[in-house]
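# Understanding the architecture of this molecule
The lines below spell out each chain.
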Amino acid sequence: MAKQSIKVIILCSWGATSSQLAKKVEQAAEKRGIEADIYSGGTGDFKDKAAEYDVALLEPQVRHLRKEVTRIAEPHNVPVELVDQTAFALMDGDKVLDQALKLAE
Amino acid sequence: MSRQEDVLKQLQSFSEDRPQGVSAEEIAHALNINRSTASRYLNGLVQSNQAEKIAGKPVRYYRRSSQQNQDIGESLQPLVQQGMAALSYPFQTLHVLLTGETGTGKTYLAEHLHEEAVKQAYITKDTPFVTFNCADYAQNPELLVGQIFGIKKGAFTGAVQDEPGLVELADGGILFLDEIHRLPASGQEMLFYLMDKGVYRRFGEATRERQAKVTFIGATTERSDEVLLPTLFRRFSVKLTIPPLRARSRKERIALLHLLLQQEEGKMDTHLSIEEKGSEAFLRYSCPGNIGQLKNDVQIACARAYLRYLNHKDSQVTVQKEDIPIENDVMKSFRPRENVYNDPVQVSETFEEQGRSEEQNIPLPNIYQRLDEKQAELNAVGDIAAGDSLQKVVNQYIQDLTDHYPEGAISYDAWHDLVDEDLLQALQRAPTVLSEFFSRELDKQSLYVIGLHLQNLRNHNMGDNQLLPSFSRAPQRERKAAYRLAEYLEDTIHFKLPNDEVELLAHFLTPEPEPPPIPNSQTVYILLVTHGRATASSMAEVTNTLLGTAVVQSIDMPLDISAEKTYEEIQANIKRALSLQTYQGVLLLVDMGSLVTLGDTFYHEWDLPVYTLPCVNMPMVMEAGRKSLVQGMTVEEVYESAYKAMTLFMHEGNSSQVPKRKRLIATVCFTGEGAAQLLEEWLAAQLTEADKDVVIRSVRIHPVSRDTSILDQLKDYYEIVAIIGTVHISMDEIPFIPAWELLKQEGSSRLFKLLEVTRQNQSLPVDNHQHVQEGYQAIANGLGEIVTYINPRVFCTILDDCLSQIQDYYGWEDDRALGMGMHIGVLLDRMMHAHLHDEMEELQKTMPMHKDFDHDLAEMAVWEPLVNRLEETFQVEFKHTFLKATMKLSR
């Protein structure tokens with residue numbers, strides 16, 4: 001029950017959509033009583049702070065940067081995945097949270 | 001210059017009363033110039049198409065009229081006029097259908113119509129004119145349709161890239177389809193649809209409709225109203241029937257003969273002439289193959305004459321009556337060519353020959369070149385028997401020509417697909433061969449079975465698996481007959497059977513004892529379990545029939561039966577079998593899904609080994625069945641050889657290989673347009689990402705006959721997931737879902753279940769509850785959650801209209817496009833906010849920018865429609881900074 005807080009970063013290009021999605025995921029976590037810190041940002045900022053996160057999720061519009069992001073994340077043992085397309089389209093915070101939790105396992 | 005005009009004028013005045021033409025001598029005389037000068041000018045006129053040359057001695061010339069083409073013959077003039085009327089009709093595309101016996105010149109007429117249309121400036125010179133003979137691909141309807149409409153990458157095995165079709169090449173012009181009746185019904189439907197709506201799809205393309213405006217000229221030797229679908233038949237507004245050669249006037253035949261001789265002369269480096277008797281023979285024989293045959297016969301005659309000339313027997317090339325391949329003056333009936341199929345090698349060569357030639361009227365390899373080459377070669381080595389060798393070249397050439405005109409179309413039925421041609425031919429004569437043994441008629445069924453069996457033996461390269469069980473021998477009479485048949489097969493098609501195979505064959509010839517007993521020697525129990533109502537039982541039936549005994553048992557697993565129930569059934573089945581006979585092991589042959597692991601649960605149940613072999617196919621069942629009959633075989637050994645049969649089958653890479661077929665859902669109704677098309681659209685919107693490979697096709701079902709041949713054909717190329725529609729169609733193994741059922745929850749869930757179990761790639765995560773909606777409306781919900789100022793639905797409608805061209809430009813994957821749509825939506829929302837709060841400058845500063853970012857006009861143009869629509873709709877300026885940043889992100 002007393003799980004450690006999970007740190008998730010959601011990445012997009014400019015930080016606008018990801019900040020909105022992060023908000024949604026945070027709300028979902030709150031509702032379910034899960035301790036989670038959801039961050040958002042552009043891929044550019046990720047480089048310096050990669051080590052701080054448990055999981056990184058990429059929004060589909062930056063899917064072409066996945067390799068690069070994975071390369072940065074790997075040394076820090078941060079798994080990287082694309083945000084589920086449907087969940088993204090619906091801004092479904094619950095589903096994205098599920099995805100992040102699963103990825104962190 | 002003026003001299004040439006004089007010559008032309010003179011020729012014109014001569015030509016009026018002398019249709020047979022005038023010689024250079026006569027022209028020279030009339031104009032008072034010397035003969036070689038006249039000849040030079042005349043040839044100049046021929047070159048510029050103003051005059052026509054008639055081969056002969058002396059060579060004669062006549063004026064070629066620009067209005068009327070005499071060479072095509074008077075009887076064709078009305079046809080040409082009607083055809084021209086169609087091609088010149090400015091308001092609507094009128095399609096032309098040509099019918100006529102073989103060789104009457106349908107191709108020629110089509111080409112002529114095109115030429116005339118260009119000449120009379122109804123169409124421009126660079127208007128495409130594409131010719132295609134459907135008979136070239138008649139053996140492969142899939143490829144045939146693909147050739148015409150194009151092929152989508154992956155539509156079938158071997159389609160490694162997108163291929164444009166002829167329709168695309170002929171867009172804006174004319175597509176001539178010879179032997180159009182060879183088009184399968186599905187192809188005819190596509191054609192009809194294109195004529196009607198101006199749209200078509202490449203083969204295997206589910207959603208994308210392409211546009212083309214094509215005038216079709218179809219040609220067929222058959223009764224067009226019988227061989228074409230009525231809808232298609234009616235689309236041809238102009239129907240022309242070309243008369244056979246025998247119905248043409250003598251005058252026309254003379255003109256034709258001269259034309260053909262002249263064409264031959266054009267290939268030679270010398271003059272060609274023909275004896276009076278020779279030309280008379282050509283004019284009088286019945287020539288059932290019409291102009292096509294006449295052309296071939298002229299070529300043969302000329303080749304023979306040329307050979308004499310080469311051998312210096314003649315000082316020039318003169319066709320004599322003896323050169324003409326007509327049996328004397330008797331009316332020659334069209335020679336039946338049964339001998340063509342005696343030699344298997346010959347057959348395949350013939351087919352290849354036909355397959356290679358793009359169109360029937362392409363001249364065969366130039367015989368004169370062949371002869372010259374041969375002679376040069378012979379001269380080089382100083383061969384004395386040069387004459388013989390050259391004669392061989394001519395004979396081969398004649399054979400080629402003969403093969404080019406095979407008698408009629410061979411009737412194709414299921415046999416031809418499964419059994420090699422030579423084997424089939426041999427077996428069809430088997431009843432005669434075996435008549436001394438059997439008073440009764442050998443029924444077609446046994447021959448069918450024997451054919452399949454022998455074919456299978458052939459495919460598996462025999463030799464390796466000669467270990468046949470020591471089954472009881474067939475009665476003496478049948479054994480004798482079997483040996484006679486084997487001998488016959490070896491003599492005729494060099495197909496040698498090992499002795500024990502002959503013994504097995506004897507069983508095929510034995511009247512079937514009912515029911516076939518399970519052989520006592522079988523030590524491995526083989527149980528085939530597959531999905532589907534009849535798959536397992538059918539496969540088992542074929543194997544058991546072929547092997548003559550019931551070696552393979554089967555359990556069908558219809559989709560509505562639960563896995564638990566199947567499990568119980570299998571358990572009971574094996575239990576019963578073990579109580580009747582002692583087996584050394586059990587081999588389960590299964591296809592997929594939960595069945596694959598089923599065997600493991602039985603492993604300790606009966607204290608004997610249970611093996612499971614998944615992904616079962618026909619050769620594996622056969623192999624397992626055979627091996628299980630071999631005494632002393634362990635279940636492991638049977639397993640191994642059956643497994644090998646699968647891989648052997650794949651490595652062979654021959655035509656019998658089973659390709660991974662695309663899935664298809666057929667929608668049916670009586671028109672193929674109404675309900676079926678509606679359903680098609682509805683279904684397309686329902687398919688999830690995991691099922692995007694599924695092709696949806698609407699099919700018309702004839703109200704009276706309920707003929708399912710189109711579906712049958714589709715079944716050959718696709719895995720039909722389901723048939724959905726307003727007309728109940730029952731086809732084995734394919735579920736039918738009535739249209740009304742889809743309106744209910746259980747109806748669509750049944751369909752989705754079907755889609756799920758037929759998926760080839762099971763790895764995709766599936767979410768049956770939330771289907772990705774069509775287009776960008778999918779993200780409207782998500783945007784609705786996060787935006788404040790814009791209406792997401794309105795925004796998404798604009799994306800639907802404008803984003804796809806941007807996606808194409810950058811080559812985005814679908815999900816990236818979706819993400820970009822979301823990004824632009826949020827960006828726009830921020831812009832609205834900034835606009836209202838006068839924070840535009842600040843917002844611009846947040847954009848990630850690079851100074852050296854550059855873009856060209858083309859990239860700009862791609863974005864323009866979207867930007868304009870957004871600005872217009874939301875009344876906000878889409879600043880260049882934002883666009884540039886978005887472009888950067890897009891790359």
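What you see is a predicted model; the values in this text were computed from it and never measured. (Residues numbered from 1 in each chain as written. Chains lettered and ligands numbered in written order. Predicted model: local features only at pLDDT ≥ 70, side-chain atom pairs only at ≥ 80, totals over all residues. Heavy atoms only, no water.)

### Looking at a negative patch on the surface
On the surface, Asp838, Glu839, Glu841 and Glu842 of chain B cluster together into a patch of negative charge. With respect to the helices, strands and loops of the structure, Glu841 of chain B is situated in helix H35 (residues 840-846). (Patch = residues over 30% accessible without salt bridge, like charges linked within 9 Å, V, L, I, M, F, W, Y side chains within 5 Å. Areas by Shrake-Rupley, 256 points an atom, 1.4 Å probe, with all protein chains shown as cover. Salt bridge = Lys/Arg side-chain N within 4 Å of Asp/Glu carboxyl O. Lys, Arg positive; Asp, Glu negative; His and termini not counted. Charge placed at Lys NZ, Arg CZ, Asp CG, Glu CD. Helix = DSSP H or I, 4+ residues; strand = E, 2+ residues; numbered from the N terminus.)

### Some words on the sheet that holds strand S3 (residues 55-58) of chain A
Residue and element names in this part refer to chain A. Reading across from one edge, S2-S1-S3-S4 is the order of the 4 strands in this open sheet, with parallel pairing throughout. Edge positions in the open sheet fall to strand S2 (36-42) and strand S4 (80-82), since each of these has one partner strand only. The average undirected angle you get between the axes of adjacent strands in this sheet is 25 degrees. In the sheet, strand S1 (residues 6-12) pairs with S2 via 7 bridges, with the strands oriented parallel. Residue pairing for S2: Cys12 is matched across the bridge by Gly42. (Pairing = 2+ DSSP bridges. Axes fitted to C-alpha atoms, helices over the stretch in contact; angles between N-to-C directions.)

### Description of the side chain of His181 of chain B
Residues and elements named next belong to chain B. Mapping His181 onto the fold places it in the loop between strand S8 (174-178) and helix H8 (185-197). The buried category is assigned to His181, whose relative accessible area is 16%. A distance of 2.6 Å separates polar atoms of two side chains, one belonging to His181 and the other to Thr220. When near neighbours in sequence (up to four residues on either side) are disregarded, His181 contacts Gln188, Thr220, Thr221, Glu222, Val227 and Leu228. (Buried < 20%, exposed > 50% of the residue type's maximum accessible area, 1.4 Å probe, protein only. Polar contact = N/O pair within 3.5 Å; in protein donor to acceptor, adjacent residues only side chain to side chain. Contact = heavy atoms within 4.5 Å.)

### Description of the interface of chain B and chain A
Counting from both sides, the interface comprises 27 residues of chain B and, opposite them, 20 residues of chain A. Regarding the contact of chain B and chain A, the summed buried area is about 2,200 Å², with carbon and sulfur atoms giving 62% of it. The interface formed by chain B and chain A contains 3 salt bridges. Between Glu785 of chain B and Lys24 of chain A there is a salt bridge, with the nearest N and O atoms lying 2.6 Å from each other. Taken together, the links from chain B to chain A amount to 6 residue pairs in polar contact (both at pLDDT 80 or more). At the level of secondary structure, the elements contributing two or more residues to the side of chain B that touches chain A comprise helix H32 (778-786), helix H34 (814-837) and H35 of chain B. For the side of chain B that touches chain A, the element with the most residues is H34 of chain B, which contributes 10 residues. (Buried area = accessible area lost by both parts, 1.4 Å probe.)

### A short note on the pattern of salt bridges
Residues and elements named next belong to chain B. As enumerated under the stated definition, the model contains 17 salt bridges over all chains in all. The salt bridge involving Glu209 is made with Arg201; its shortest N-O contact spans 3.5 Å. Note that Glu859 is salt-bridged to Arg891, the shortest N-O span being 2.5 Å. A residue pair is termed long-range when its members are at least 10 positions apart, and Glu859 in helix H36 (residues 857-874) and Arg891 in the segment after helix H37 (880-890) qualify at 32 residues. Looking at Glu859, the relative accessible area reads 4%, which means it is buried.

### Side note on the packing of helix H11 (residues 250-267) of chain B against helix H13 (residues 290-310) of chain B
Residues and elements named next belong to chain B. Put simply, H11 and H13 touch, their axes get as near as 10 Å, and they point 45 degrees apart. Compared by their axis directions, H11 and H13 come out oblique. For H11 against H13, the interelement crossing comes out right-handed. Residues Leu256, Leu257, Leu260, Leu261, Gln263, Glu264 and Lys267 of H11 lie in contact with H13, whose contacting residues are Ile291, Leu294, Lys295, Val298, Gln299 and Cys302. (Parallel < 35°, antiparallel > 145°, perpendicular 65-115°, else oblique. Left-handed = near helix turned anticlockwise from the far one by under 90°.)

### Brief notes about the UniProt feature "modified residue: Phosphocysteine" (unreviewed entry) in chain A
All names here are of chain A. In the numbering adopted here, UniProt assigns the feature "modified residue: Phosphocysteine" (unreviewed entry) to Cys12. Positionally, Cys12 belongs in strand S1. Of the residues examined, Cys12 reaches a relative accessible area of 0% and is grouped as buried. With sequence-adjacent residues up to four places away left out, Cys12 is seen in contact with Thr17, Ser18, Gly41, Gly42, Thr43, Glu59, Gln61 and Val62. (UniProt positions renumbered as here; feature names shortened; annotations may be inferred.)

### What to know about the pairing of strand S15 (residues 524-531) of chain B
Residues and elements named next belong to chain B. Of all 8 residues in S15, 8 are buried; the element is thus mostly enclosed. Of the two faces of S15, the one carrying Val524, Ile526, Leu528 and Thr530 and the one carrying Tyr525, Leu527, Val529 and His531 are both buried. Pairing of S15 with strand S17 (residues 585-590) involves 6 bridges; the strand directions are parallel. Looking across to S17, one finds that Ile526 is bridged to Leu587. Relative to strand S16 (residues 552-557), S15 is paired through 6 bridges, and the arrangement is parallel. Considered in S16, the bridge of His531 is made with Met557.

### Notes on the sheet that holds strand S11 (residues 215-220) of chain B
Residue and element names in this part refer to chain B. Spatial strand order, S5-S8-S11-S4-S12: 5 strands in an open sheet with parallel pairing. The strands lining the two open edges of the sheet, one partner per strand, are strand S5 (129-133) and strand S12 (238-242). Neighbouring strand axes in the sheet, compared pairwise and without regard to direction, differ in orientation by 15 degrees on average. Inspection of the sheet shows strand S4 (residues 96-100) paired to S11 by 4 bridges, in the parallel sense. Looking at the pairing, Leu98 lines up with Ala219 of S11.

### Some words on helix H24 (residues 563-580) of chain B
All names here are of chain B. With 18 residues, H24 extends 26 Å from end C-alpha to end C-alpha; this agrees with the ideal 26 Å at 1.5 Å per step. When H24 is considered as a whole, its buried residues turn out to be Thr566, Ile570, Gln571, Asn573, Ile574 and Ala577. Projected down its long axis, H24 shows its buried positions confined to an angular sector of 165 degrees, all on one face. In H24, the exposed residues that point more than 90 degrees away from the buried face are Glu564, Lys565, Glu568, Arg576 and Ser579. (Expected span 1.5 Å × (residues − 1). Arc of directions from axis to C-beta.)

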